[in-house]
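So you can see what is in the structure, the chains are spelled out below.
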Amino acid sequence: NGGWAWTVTSGGATVLGATDDVQAGTGGAARVGSNLSTDDHYGQLDFTSYGTDSAVRFGPCARFAGTAETYYTWVVAARANGGQNIYKRVAGSYTSLATQTETQATPITLKLSVNNSDLTAYIGGVQKLTAVDTAITGNLRGGIDWATQGGASQKADNGEWADISAGVTFVPKITVV
């Protein structure tokens with residue numbers, strides 16, 4: 001796991017151990033326990049499976065604060081006409097910066113790149129959404145954001161968070177149940 005630990009910042013996570021497995025109830029967020037070198041970085045993961053609940057979503061976070069629930073995230077609901085959103089989350093409150101609806105089936109690779117004030121979201125290497133925001137700066141951690149209801153299960157794997165210029169990476173296995 002690159003020697004990095006996770007910190008659950010919200011939600012019903014019950015297991016977040018050395019193997020980087022997450023088991024959660026209704027949703028939440030977790031951040032990587034170590035800093036990257038710059039706040040210009042990306043997060044990427046493979047959203048591998050999801051349950052039948054219409055509220056299931058998952059995505060990588062960038063510029064996650066070390067002590068607060070503040071970050072940017074790119075979350076995708078993998079279902080017919082699923083919502084895709086770039087969110088800004090400040091002190092636990094979400095603000096949508098860009099959104100679209102598009103059918104996706106798992107597995108899919110999600111990537112959020114934050115470079116200066118430019119946020120770019122990708123699925124499978126194809127750019128899907130962009131946004132510009134200057135509210136969150138200086139935060140050096142990556143993370144994950146998820147939502148699930150009614151016992152739905154979702155899983156992600158092959159996560160990677162790296163500086164855009166440097167290439168310091170962390171690769172976890174993530175399971176949200």
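A brief structural summary. Just so you know, these numbers come straight off a predicted model, no measurement behind them.

### Comments concerning the nonpolar core
Counting 28 residues, the largest nonpolar core has Trp74, Ile86, Leu110 and Ile144 as its most contacted members. Take this core: its biggest share by element is four residues, from strand 10 (residues 108-115).

### Side note on the environment of Trp74
Residue placement: Trp74 occurs in strand 7 (residues 71-76). Given a relative accessible area of 0%, Trp74 falls into the buried group. Taking the C-alpha atoms as reference, Trp74 lies 5.7 Å from Asn85; in sequence the two are eleven residues apart. Of the polar contacts made by the side chain of Trp74, one reaches the backbone oxygen of Tyr122; its length is 3.0 Å.

### With respect to unusual backbone geometry
Although it is not a glycine, Arg63 adopts a positive phi angle of roughly 55°. Relative to the elements of secondary structure, Arg63 occurs in strand 6 (residues 57-64). For Ala91, which is not a glycine, the phi torsion comes out positive at approximately 50°. Relative to the assigned elements, Ala91 resides in the loop between strand 8 (83-90) and strand 9 (93-101).

### Topic: the packing of aromatic side chains
One pass over the full model with this rule turns up two aromatic pairs. Residue placement shows Lys111 over the ring face of Tyr122; its charged tip is 5.7 Å from the ring centre.

### Thoughts on the pattern of salt bridges
By the definition in use, this model includes six salt bridges. Between Lys88 and Asp133 there is a salt bridge, with its nearest N and O atoms 3.3 Å apart. With Lys88 in strand 8 and Asp133 in the loop between strand 12 (126-132) and strand 13 (141-147), the pair connects residues that are 45 residues apart, well separated along the chain. Overall, Asp133 belongs to the buried group, its relative accessible area being 11%. Glu102 is paired through a salt bridge with Lys128; the nearest N and O atoms lie 3.1 Å apart. Of this pair, Glu102 sits in the loop between strand 9 and strand 10 while Lys128 sits in strand 12, placing them 26 residues apart in sequence. Given the relative accessible area of 23%, Glu102 is considered partly exposed. A single network of salt bridges, built from pairs that share partners, joins Asp39, Asp40 and Arg63.

### What about the sheet that holds strand 6?
The seven strands lie next to each other as 1-4-13-6-7-8-9, forming an open sheet whose pairing is antiparallel. The open sheet is flanked by strand 1 (6-11) and strand 9, the only strands paired with a single partner. Across the sheet, the axes of successive neighbouring strands diverge by a mean angle of 20°, strand direction being ignored. With six bridges joining them, strand 6 and strand 13 adopt antiparallel strand pairing. Considered in strand 13, the bridge of Arg57 is made with Ala147.

Basis of the calculations
- Residues numbered from 1 in each chain as written.
- Predicted model: local features only at pLDDT ≥ 70, side-chain atom pairs only at ≥ 80, totals over all residues.
- Heavy atoms only, no water.
- Core = buried A, V, L, I, M, F, W, Y, C linked by side-chain atoms within 4.5 Å.
- Buried < 20%, exposed > 50% of the residue type's maximum accessible area, 1.4 Å probe, protein only.
- Helix = DSSP H or I, 4+ residues; strand = E, 2+ residues; numbered from the N terminus.
- Polar contact = N/O pair within 3.5 Å; in protein donor to acceptor, adjacent residues only side chain to side chain.
- Phe/Tyr/Trp six-rings, centres within 6.5 Å; stacked < 30°, edge-to-face > 60°.
- Lys NZ or Arg CZ within 6 Å of the ring centre and 35° of its normal.
- Salt bridge = Lys/Arg side-chain N within 4 Å of Asp/Glu carboxyl O.
- Pairing = 2+ DSSP bridges.
- Axes fitted to C-alpha atoms, helices over the stretch in contact; angles between N-to-C directions.

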